[in-house]
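Survey of secondary and tertiary structure
Chain residues, written in single-letter form:
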Amino acid sequence: NAGVTQTPKFQVLKTGQSMTLQCAQDMNHNSMYWYRQDPGMGLRLIYYSASEGTTDKGEVPNGYNVSRLNKREFSLRLESAAPSQTSVYFCASSEFIGWTYEQYFGPGTRLTVT
Amino acid sequence: SQQGEEDPQALSIQEGENATMNCSYKTSINNLQWYRQNSGRGLVHLILIRSNEREKHSGRLRVTLDTSKKSSSLLITASRAADTASYFCATGPQGPSQGAQKLVFGQGTRLTINP
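None of these values were measured; they are calculated from a predicted model.

**Some words on the interface of chain A and chain B**
Every contact between the two is made by 24 residues of chain A and, on the other side, 25 residues of chain B. With both chains or domains summed, chain A and chain B bury close to 2,100 Å², and 55% of this area falls on carbon and sulfur atoms. Our enumeration of links across chain A and chain B arrives at zero salt bridges. Taken together, chain A and chain B are joined by four residue pairs in polar contact (both at pLDDT 80 or more). If you list the elements that add at least two residues to the side of chain A that touches chain B, you get β4 (31–37), β5 (43–49), β6 (56–57) and β10 (103–105) of chain A. For the side of chain A that touches chain B, the per-class residue count stands at 13 nonpolar, six polar and five charged.

**Let's talk about the sheet that holds strand β7 (residues 64–68) of chain A**
Residues and elements named next belong to chain A. Taken in spatial order, the four strands of this open sheet run β1-β3-β8-β7, and their pairing is antiparallel. Every interior strand has two partners, whereas the edge strands, β1 (4–7) and β7, have only one. Adjacent strand axes in the sheet meet at a mean angle of 20 degrees when their direction is disregarded. Here β7 runs beside strand β8 (residues 74–78); their pairing, made up of five bridges, is antiparallel.

**What about the nonpolar core?**
In this structure, Leu32, Trp34, Leu74, Ile76, Tyr87 and Leu111 of chain B are the most contacted members of the largest nonpolar core, which totals 21 residues. Among the elements of the structure, β3 (19–24), β4 (29–37), β5 (43–50), β7 (61–66), β8 (71–76), β9 (85–93) and β11 (109–114) of chain B are those that each provide at least two residues to this core. Once residues lying within four places of it in the same chain are set aside, the contact partners of Ile76 of chain B are Glu17, Asn18, Ala19, Met21, Arg60, Leu61, Asp83, Tyr87 and Leu111 of chain B. Grouped together as the second largest cluster of nonpolar side chains are 20 residues, Val60, Ala81, Tyr89 and Leu111 of chain A included.

**Some words on the packing of aromatic side chains**
By the definition in use, this model includes eight aromatic pairs over all chains. With centroids separated by 5.6 Å and ring planes inclined at 35 degrees, the aromatic side chains of Tyr35 of chain A and Phe105 of chain A adopt a geometry described as tilted. Taken together, the residues Tyr35 of chain A in strand β4 and Phe105 of chain A in strand β10 connect sequence positions 70 residues apart. We classify Phe105 of chain A as buried; its relative accessible area is 11%. With a centroid separation of 6.3 Å and an interplanar angle of 80 degrees, the aromatic rings of Phe105 of chain A and Phe105 of chain B are classed as edge-to-face. Of the two residues, Phe105 of chain A sits in strand β10 while Phe105 of chain B sits in strand β10 (residues 104–105), which places them in two different chains. With relative accessibility at 0%, the residue Phe105 of chain B sits in the buried group.

**Describing the pairing of β1 of chain A**
All names here are of chain A. Of the two faces of β1, only one is covered, namely that formed by Val4 and Gln6; the face formed by Thr5 and Thr7 stays uncovered. For β1 and strand β3 (residues 19–25), the ladder comprises four bridges, and the chain directions are antiparallel. Looking at the pairing, Gln6 lines up with Cys23 of β3.

So, how was this worked out
- Residues numbered from 1 in each chain as written.
- Chains lettered and ligands numbered in written order.
- Predicted model: local features only at pLDDT ≥ 70, side-chain atom pairs only at ≥ 80, totals over all residues.
- Heavy atoms only, no water.
- Contact = heavy atoms within 4.5 Å.
- Buried area = accessible area lost by both parts, 1.4 Å probe.
- Salt bridge = Lys/Arg side-chain N within 4 Å of Asp/Glu carboxyl O.
- Polar contact = N/O pair within 3.5 Å; in protein donor to acceptor, adjacent residues only side chain to side chain.
- Helix = DSSP H or I, 4+ residues; strand = E, 2+ residues; numbered from the N terminus.
- Nonpolar A, V, L, I, M, F, W, Y, C, P; charged D, E, K, R; others polar.
- Pairing = 2+ DSSP bridges.
- Axes fitted to C-alpha atoms, helices over the stretch in contact; angles between N-to-C directions.
- Core = buried A, V, L, I, M, F, W, Y, C linked by side-chain atoms within 4.5 Å.
- Buried < 20%, exposed > 50% of the residue type's maximum accessible area, 1.4 Å probe, protein only.
- Phe/Tyr/Trp six-rings, centres within 6.5 Å; stacked < 30°, edge-to-face > 60°.

Geometry only, nothing functional implied.
Structure (structure tokens):
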């Protein structure tokens, strides 16, 4: 099992450009999440999808859109990138089994907006 | 805004010593989790403690939770060089979640184990 995969690993954008970050999981999890991590900070939730066909805003959704393409894939789109969106982006997935809320994280995408 | 405050922000100890990290949070929780992040990598789940539990063990890890003080601690015993990483607490909120957990992370403690 690959777990959670993310593409690309690195990306440099100019202000105003758009891009889509891709995430896929092969663990048959229902829930998927997008976080951003800024230097010296913990992760902040951007958007999440509790199950296929649903998406909801997290703590910092402004400037982002998401698509839950199917049960495996959850993409994050920046329509018009801004320098404030320079960050490392992590995708995660989870399945609620009993009391297990463990989230599994991808390796991250390091995005720089100039 | 961050839910958790972690203390200390950085900790450097000798191999073999114990490491203790603390986490405080603000609102009522369903559970509290600890994650590890090695440099340049994603987070890895270490341990979860439910709001009705006071202490939990997993290998060399011991987690305590005091809901009256809204605080938790993570103890790593007999530390090893491989434990060098950042450690984050994350709180899972009370209330219906539709199966998803909107975790709120602290800023993390950067732990360095010196050989």
